[in-house]
Amino acid sequence: MLGKALQLAAGGNSVANDVAWPDISTASFVRFDTVVAAQDVRGVFFKPDGTKIYTCENGDWIRQATLSTAWNISTHGTADYSMQTSQTHNPNPAGLFIGNDGTELYVSEISSGDYVVQYTMSTAWDLSTASYTRKFDVSAQEGNPRGVSFSKNGTLMFINGGSFPSQYKINKYTLSTAWDISTATHSQASSSHSSLTTDATGMFIKPDGTRFYLVDPVNDKIHQWNMTTAYDVTSDIGATADDDFYTGGQETVPWSMYISPDGNHLYVGGGSGNGVDQYSLG
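## With respect to the nonpolar core
Okay, so step 1: Counting 58 residues, the largest nonpolar core has Phe46, Leu105, Phe150, Met157, Ile259 and Leu266 as the members making the most contacts within it.
Okay, so step 2: The leading source of residues in this core is strand β8 (residues 115-121), at 5 residues.
Okay, so step 3: When sequence neighbours within four positions are dropped, the list of residues in contact with Met157 reads Val116, Phe136, Val148, Ser149, Phe150, Asn171, Lys172, Tyr173, Leu175, Ile181 and Ala184.
Okay, so step 4: Listed in part, the 14 residues of the second largest apolar core include Ala200, Met227, Tyr231 and Val233.

## Describing the confidence of the model for the protein chain
Okay, so step 1: For the protein chain, the mean per-residue pLDDT works out to 90, and 92% of the residues sit at or above 70.
Okay, so step 2: Confidence drops under pLDDT 50 across residues 1-16; counting only partners more than four residues distant or on other chains, this segment forms 17 contacts.

## A closer look at the pairing of strand β16 (residues 221-226)
Okay, so step 1: Pairing between strand β15 (residues 211-216) and β16: 6 bridges, direction antiparallel. Each bridged residue has a counterpart across the sheet, and for Leu214 the counterpart in β16 is His223.

## Structural notes on unusual backbone geometry
Trans peptide bonds make up the majority, and among non-glycine residues the majority have a negative phi.
Okay, so step 1: Phi is positive for Trp179, which is not a glycine, with a value near 70 degrees.
Okay, so step 2: Mapped onto the fold, Trp179 is located in the loop between β12 (171-175) and β13 (184-189).
Okay, so step 3: The phi dihedral of Asn274 is positive, around 55 degrees, even though this residue is not glycine.
Okay, so step 4: When you line up the elements, Asn274 lands in the loop between β19 (265-270) and β20 (276-280).
Okay, so step 5: Look at Asn274 and you get partly exposed, because its relative accessible area is 24%.

Criteria and cut-off values
- Residues numbered from 1 in each chain as written.
- Predicted model: local features only at pLDDT ≥ 70, side-chain atom pairs only at ≥ 80, totals over all residues.
- Heavy atoms only, no water.
- Core = buried A, V, L, I, M, F, W, Y, C linked by side-chain atoms within 4.5 Å.
- Buried < 20%, exposed > 50% of the residue type's maximum accessible area, 1.4 Å probe, protein only.
- Helix = DSSP H or I, 4+ residues; strand = E, 2+ residues; numbered from the N terminus.
- Contact = heavy atoms within 4.5 Å.
- pLDDT = per-residue confidence, 0-100.
- Pairing = 2+ DSSP bridges.

Structural data, given as structure tokens:
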């Protein structure tokens, strides 16, 4: 059987999806960096090889920076590109997700309407080529959408937030056309996690759907659920988490998170210092 490094080289991100990840409680702090952010980091995402980082800021900016050493946020230069989000559809962005091939960008909107906004990058992983494509209204389920994530094949979308009518749940949508949010229909909702936290910002899903993570700004924690059935939010998510990690030693206003495909690196964005905290897992 191939070792982890050879699996990654041979198969890319899709192979790494099924690698066992350490529990979130094993995280240890490595470094902090503002990267290229100027305000609260409400969303953080990486190119799957760890050479580019994307941050979504309080206000209306998404920024891209190149890392000269993969996964090391201290090796960034100046911003490759800073994109002001659509002022018609997305003036106050929150969660951030990029599809597997690097051409589809998704951003939640928390002020002008309860939407997920989709942009298309004509050159993969190049933010300077992004243009508005469409938006999808989630107000029937979530009045304050923040975290947004997808299954690895783009046929499932997940939204969380901190307002009614969701009553602190994760909502799942099925897309009849992969990565096209105009084809989404609501299909599931988790049990309420209000006994864990009365607010929720970022969300992250292990690409194979076997772990869900929720960022809790009330208690400065990340909550982890181990899924019995991949991507099935009704089966395990609710009042009790399987594992937790306290971010308050570094970040007292956590907003967003990302875990590298091999499960080795955790990143938490927030408003304490307006940057990103990097942790080692395991």
